[in-house]
Amino acid sequence: MSSNSIRILAGNSHPALARLIAKRLGTDLANVTVAKYSNQETAVTIGESVRDEDVYIIQSGCGEINDHLMELLIMINACKTASARRITAVLPCFPYARQDKKDKSRAPISAKLVANMLSVAGADHVITMDLHASQIQGFFDCPVDNLYGEPMVLRYIRENVPDWKSAIIVSPDAGGAKRATSIADHLDLDFALIHKERKKANEVSRMVLVGDVRDKIAILVDDMADTCGTLGLAAKTLMDNGASAVYAIVIHGVLSGKALDVINNSMLTRVVVTNTIPHAEKKKICPKLDTIDVSAVLAEAIRRTHNGESVSYLFGHATI
Amino acid sequence: MRNAKLFAGTSHLALAQRVAGHLGVELAPVSLRRYTNRETTVDLGCSVREKDVYILQSGSMTTNDHLMEALIMVSAAKLASARKITVVMPYFPYSKQSKKKKRRGAISGKLVANMLTVSGADHVITMDLHASQMSGFFTIPVDNLFSEPTIARWVADNVIRGSAAGVVVVAKNAGGAKRVTALADRLGTQFALIHTDNAPSTRPFSRTPSTVALHTLAPTPRGPNMFASAASSIPVGVARAASPLAGGADVDLRTITDAPSARPESARKRRAKGRRNDVVEALATSMQRAAFYVSPQLAADEHTIEPDVLDIDAAAGGSPPSGIEISEVLNRSDDDDDDDIDESTLLEMVNTPADDDCDPHDAAHNSEAIAQAAAGILEQRQSSGRRAAVPVETPTPGARRSLAPTPIQRITSGTHLQSDPPLRPPVAVTSWHKKRTARITLVGDVRDKIVLLLDDMIDHPSSFLTAAEHLMVHCGARAVYIVAAHGLFSGSSLGEVEICPYVQSVIVTNTFPIPAELTSASSKLIQIDIAPVLAEAIRRNHNGESISYLFDRNPL
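Keep in mind the model is a prediction, meaning the values are calculated, not measured.

With respect to the overall build of chain B
- Per the secondary structure count, chain B includes 22 helices and 14 strands.
- Out of the 556 residues belonging to chain B, those deemed buried represent 52%.
- Across chain B, contacts joining residues at least 24 apart in sequence account for 75% of those joining residues at least 6 apart.

As structure tokens, this is what we get:
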């Protein structure tokens, strides 16, 4: 009698990543059908028993984000009512993470709403990666493991950026300075900061570079790239200031809207994203894109959570 | 304000009175008292039925007591059928603990949020939360006010105007970059960033730095001017910052080891009695916050806990002047036992095992506690007229036991204390030396400019002073102003700012209570009054008007 074994379920958001994770854990994805009724309601069928199992549901916040969120909530709830022992929501890219504070008057804190929804649906544990603000962990009443892509980014730079020892790490905005300095410290590199001055009436926003990038490879580091407008402008600013090449390394590559055009037409040498969000199709259009695989760290976090081992080792070490 | 009552806790009465003044109301009467077993009790002195209740309580050096007081006041108002309860916390306690540090950290800010909600609060008004995401910790509305407009106006009027030199806003770490760019944009100035490279290889320590300090500095000459001599004999910077720690530790080591080991507890008490009057007087008058922490253990030793309430009116010998019965007299009855805070503090600190898990970025803050304690003692002895009290963590009965002879012996015999069980939540002391050896780089240009060194709060100033020194000595800045929304200044912090030649002034708001003795003794401290913003926020809240006006502008 096998009791409390691991069950990996996947939604429709990122089946490729889910398969990679399952493969690394030496198991198969559980048999789940996620479809839509003709009235566009989501229908979930869990095809095998999860009673007293340790269930992990992998769903990233990307693409049709609301549909995928709803899928995840319904799957959690289905497992809950099917007597799963513990349900862990694995969200490689946390949806609505950028709406984490009242940055404007009357702005909603939608990340908190998502957290509440996950809890109400029945999630006992959440695993996610590079939250836009780590304070989001405090939005939950259940444990949240916030994994870091940083070890993989460091490894990528060491292995793939030519002459990285003469590079400089650049944060494209002030909010990301801490992330950039952390990477600069680990690689023992210099660091610079780009600040987009606040737009005033009839004045084009201006980018100010603080730090010296002359004749260096500039590596832009950020947690998320959406339309890539900032990255494109930042690359131009860096080249204008004498950088020899500009790389951009981003954890969550949303790459929506005109992002691919912007990248293709920009001075960026390469844009590196992790596979928390699928972009296989986008790579065909945009040859500058490159991928860091994070399935290993997610799989290892799932394995460690399942076995009750410490997850903190993963914060500082890249897994193979 | 019709149908509204503004109550004040004991944490920051001066601010509460200013806010009340701006609102044109009296503070509502409330009696806040302590049972002899140190439980807080609250008696709202007027009806709040169907009223909007505003409770102003800031964080303070006795955070836990004041937090508890606020919670009990909220609960009392709730039970008394208040229509709506708004907690006004200019400085939100535990706001630095807003995220899980890399390993197993608690999100205590969230816990406080939950506690406020559970006690019955309907709305929270606070100011410059350490992370604005914290408003998502609540299920009730939170108004996070900003001091930036007020500070910016003060700086524009008093620093920028009439000065030929340009101004640069500087962050002392990468985490503050966003705050700095916001102020720079508002003032229309340049900004820069200091980056301190914490080489991870310098840790972990095999023993606590505090222990090291006790050993290496035991034989130094002592005397009233010891602090000055120690400071002058060591190169400015690293050692200057370290010297108060060392000196303070020295003083205390002597005091402790002098005690006969046979009956150390009683001997220490006797010794303490001699100084007791001075210290008690100093603490009672200038540092009621310290009085909050007077040893519960000793209290329990010397008289049994009585069930009846201490009547504050009686203790005060009459009713206080204002309509409320608050804090000046609140703790007087407890002061009897307040004799040897300094020794016990340091011992408890020393007994704390080093926490190697500590996040290097935040360890600096934690390490401050011990330095504060040591330096606080030092300043107390050194200054002739004025005495600075020592901030003391609430000693649990378990922690109190650290006064037993065994740990003292272990300190003097040079064994490190790593193996001691953690007696209380650790005050991590790892980073004291590590921080000093770190490499500092400035990103940006400050030459011949006036620097505003900005952060959201300043407690122990060592990182600010190191940054200021770097800016003045290595980067050619013309003057350095330290600017922060919340000024905590525990222990001897203000004294250290005072003697630092690289800092022109330190500019904070009055969200956090600083004892008047300390403010008046400091020539460099400038406190900007934030009461108009709080009052306006309360008024707008009460009248159902928009608060967002205040985010960009100054009231008045």
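From this point, the narrative continues.
A closer look at the overall build of chain A
- Looking only at helices and strands, one finds 10 helices and 14 strands in chain A.
- Buried residues in chain A amount to 49% of all 320 residues.
- Taking the intrachain contacts of chain A between residues at least 6 apart in sequence as the baseline, contacts between residues at least 24 apart amount to 62%.

Points about the interface of chain B and chain A
- Each partner contributes to the interface: chain B provides 32 residues, whereas chain A provides 30 residues.
- Every element with two or more residues in the side of chain B that touches chain A is listed here: helix 3 (108–119), helix 5 (177–187) and strand 9 (190–197) of chain B.
- When grouped by side-chain class, the residues that make up the side of chain B that touches chain A number 10 nonpolar, 14 polar and 8 charged.

Section: unusual backbone geometry
- For Tyr94 of chain B, which is not glycine, the phi dihedral falls at a positive 65°.
- Assignment of secondary structure puts Tyr94 of chain B in the loop between strand 5 (84–89) and helix 3.

So, the nonpolar core
- Counting 218 residues, the largest nonpolar core has Val170 and Leu453 of chain B as its most contacted members.
- Dropping the residues within four chain positions of it, Val170 of chain B is found in contact with Val180, Phe191, Ala192, Leu193, Ile194, Val446, Val451, Leu452, Leu453, Leu454 and Leu471 of chain B.

Describing the environment of Lys524 of chain B
All names here are of chain B.
- With respect to the helices and strands, the residue Lys524 is situated in the loop between helix 20 (516–521) and strand 14 (525–528).
- Each C-alpha atom, one on Lys524 and one on Val497, is 7.5 Å from the other, the two residues being 27 residues apart in sequence.
- Once residues within four sequence positions are removed from consideration, Lys524 is found in contact with Val497, Glu498, Val503, Ser505 and Val506.

A short note on the packing of helix 4 (residues 148–160) of chain B against helix 5 of chain B
All names here are of chain B.
- Viewed as axis vectors pointing N to C, helix 4 and helix 5 meet at an angle of 55°, and their least axial separation amounts to 10 Å. If you check the angle between helix 4 and helix 5, you find them oblique. Handedness of the crossing formed by helix 4 with helix 5: right-handed. Of the residues in helix 5, those touching helix 4 at Glu148, Ala152, Val155, Ala156 and Ile160 are Ala182, Leu183, Arg186 and Leu187.
- Residue composition of the contact of helix 4 with helix 5, grouped by class: 7 nonpolar, no polar and 2 charged.

A few points about the environment of Ile538 of chain B
Residues and elements named next belong to chain B.
- Looking at the element boundaries, Ile538 is found in helix 21 (residues 531–543).
- Among the residues examined, Ile538 registers 26 C-beta atoms within 10 Å and is labelled buried.
- Taking the C-alpha atoms as reference points, Ile538 and Met1, 537 residues apart in sequence, are found 9.5 Å from one another.
- Leaving out residues up to four positions away in the same chain, Ile538 has contacts with Val19, Leu23, Tyr54, Val88 and Ile125.

Observations concerning the pairing of strand 5 of chain B
All names here are of chain B.
- Counting buried positions along strand 5 gives 5 out of 6 residues, so the element sits mostly inside the fold.
- Examined bridge by bridge, strand 4 (residues 52–56) and strand 5 share 5 bridges and lie parallel to one another. Paired with Leu56 across the bridge in strand 5 is Val88.
- Where the polypeptide runs from strand 4 across helix 2 (residues 63–79) and back to strand 5, its parallel neighbour, the crossover connection is right-handed.
- Where strand 5 lies against strand 6 (residues 123–127), 4 bridges are found, and the strand directions are parallel. When the bridges of strand 6 are listed, Val87 appears paired with Val124.

Observations concerning the sheet that holds strand 1 (residues 4–8) of chain B
Residues and elements named next belong to chain B.
- Within the open sheet, the 5 strands sit side by side as 1-4-5-6-7. Their pairing is parallel. Only two strands of the sheet have a single partner each, and these edge strands are strand 1 and strand 7 (142–145). Mean inter-strand twist for the sheet, computed between neighbouring axes without regard to direction, equals 15°.
- In terms of strand pairing, strand 1 meets strand 4 through 5 bridges, oriented parallel. Residue pairing in the sheet places Ala4 in a bridge with Asp52 of strand 4.
- Against the sheet, helix 1 (residues 13–23) contacts strand 1 and strand 4, and its axis sits at roughly 160° relative to strand 1.
- Of the strands in this sheet, strand 1, strand 4 and strand 5 are in contact with helix 2, which crosses strand 5 at around 165°.

Brief notes about the confidence of the model for chain B
All names here are of chain B.
- Here chain B shows a mean pLDDT of 69. Residues at 70 or above account for 56%.
- Scored below 50 in pLDDT, residues 380–436 makes 137 contacts in the model with residues more than four places away or belonging to other chains.
- As a predicted assembly, this complex carries a pTM of 0.68 together with an ipTM value of 0.76.

Overview of the pairing of strand 1 (residues 6–10) of chain A
All names here are of chain A.
- Most of strand 1 is tucked away: 4 of the 5 residues are buried.
- By the bridge criterion, 5 bridges tie strand 1 to strand 4 (residues 54–58) in an arrangement that is parallel. Within strand 4, the position partnered with Arg7 by the bridge is Val55.

A few points about the sheet that holds strand 14 (residues 289–292) of chain A
All names here are of chain A.
- In spatial order, the strands read 10-9-8-11-12-13-14; together these 7 strands make up an open sheet with mixed pairing. Looking at strand neighbours, the two that pair on one side only are strand 10 (207–210) and strand 14, the edges of this open sheet. The average undirected angle you get between the axes of adjacent strands in this sheet is 25°.
- Examined bridge by bridge, strand 8 (residues 167–171) and strand 9 (residues 190–196) share 4 bridges and lie parallel to one another. Within strand 9, the residue paired with Ser171 across the bridge is Leu193.
- This element, helix 5 (residues 177–187), spans strand 8, strand 9 and strand 11 (217–225) of the sheet and lies at about 160° to strand 8.

Let's talk about helix 2 (residues 65–81) of chain A
All names here are of chain A.
- With 17 residues, helix 2 ought to run about 24 Å at 1.5 Å a step, and its terminal C-alpha atoms sit 24 Å apart, in line with that.
- Burial in helix 2 covers these residues: His68, Leu69, Glu71, Leu72, Leu73, Met75, Ile76, Ala78 and Cys79.
- Packed against the buried residues of helix 2 are strand 1, strand 2 (32–36), strand 3 (42–46), strand 4, strand 5 (86–91) and helix 3 (110–121).
- Phi turns positive one or two residues past the end of helix 2, at Ser83, with a value near 65°.

A few points about helix 2 of chain B
Residues and elements named next belong to chain B.
- When the terminal C-alpha atoms of helix 2 are compared, their 24 Å separation across 17 residues agrees well with the 24 Å that a helix rising 1.5 Å per residue should span.
- Buried within helix 2 we find Asp65, His66, Leu67, Glu69, Ala70, Leu71, Met73, Val74, Ala76 and Ala77.
- Taken together, the buried residues of helix 2 touch strand 1, strand 2 (30–34), strand 3 (40–44), strand 4, strand 5 and helix 3.
- Positive phi shows up at Ser81, right after helix 2, with a value of about 65°.

The rules we used
Residues numbered from 1 in each chain as written. Chains lettered and ligands numbered in written order. Predicted model: local features only at pLDDT ≥ 70, side-chain atom pairs only at ≥ 80, totals over all residues. Helix = DSSP H or I, 4+ residues; strand = E, 2+ residues; numbered from the N terminus. Buried ≥ 20, exposed ≤ 12 C-beta atoms within 10 Å, placed from the backbone. Contact = placed C-beta atoms within 7 Å. Nonpolar A, V, L, I, M, F, W, Y, C, P; charged D, E, K, R; others polar. Core = buried A, V, L, I, M, F, W, Y, C linked by C-beta atoms within 7 Å. Axes fitted to C-alpha atoms, helices over the stretch in contact; angles between N-to-C directions. Parallel < 35°, antiparallel > 145°, perpendicular 65-115°, else oblique. Left-handed = near helix turned anticlockwise from the far one by under 90°. Pairing = 2+ DSSP bridges. Right-handed = clockwise from strand over helix to strand, strands pointing away. pLDDT = per-residue confidence, 0-100. Expected span 1.5 Å × (residues − 1).

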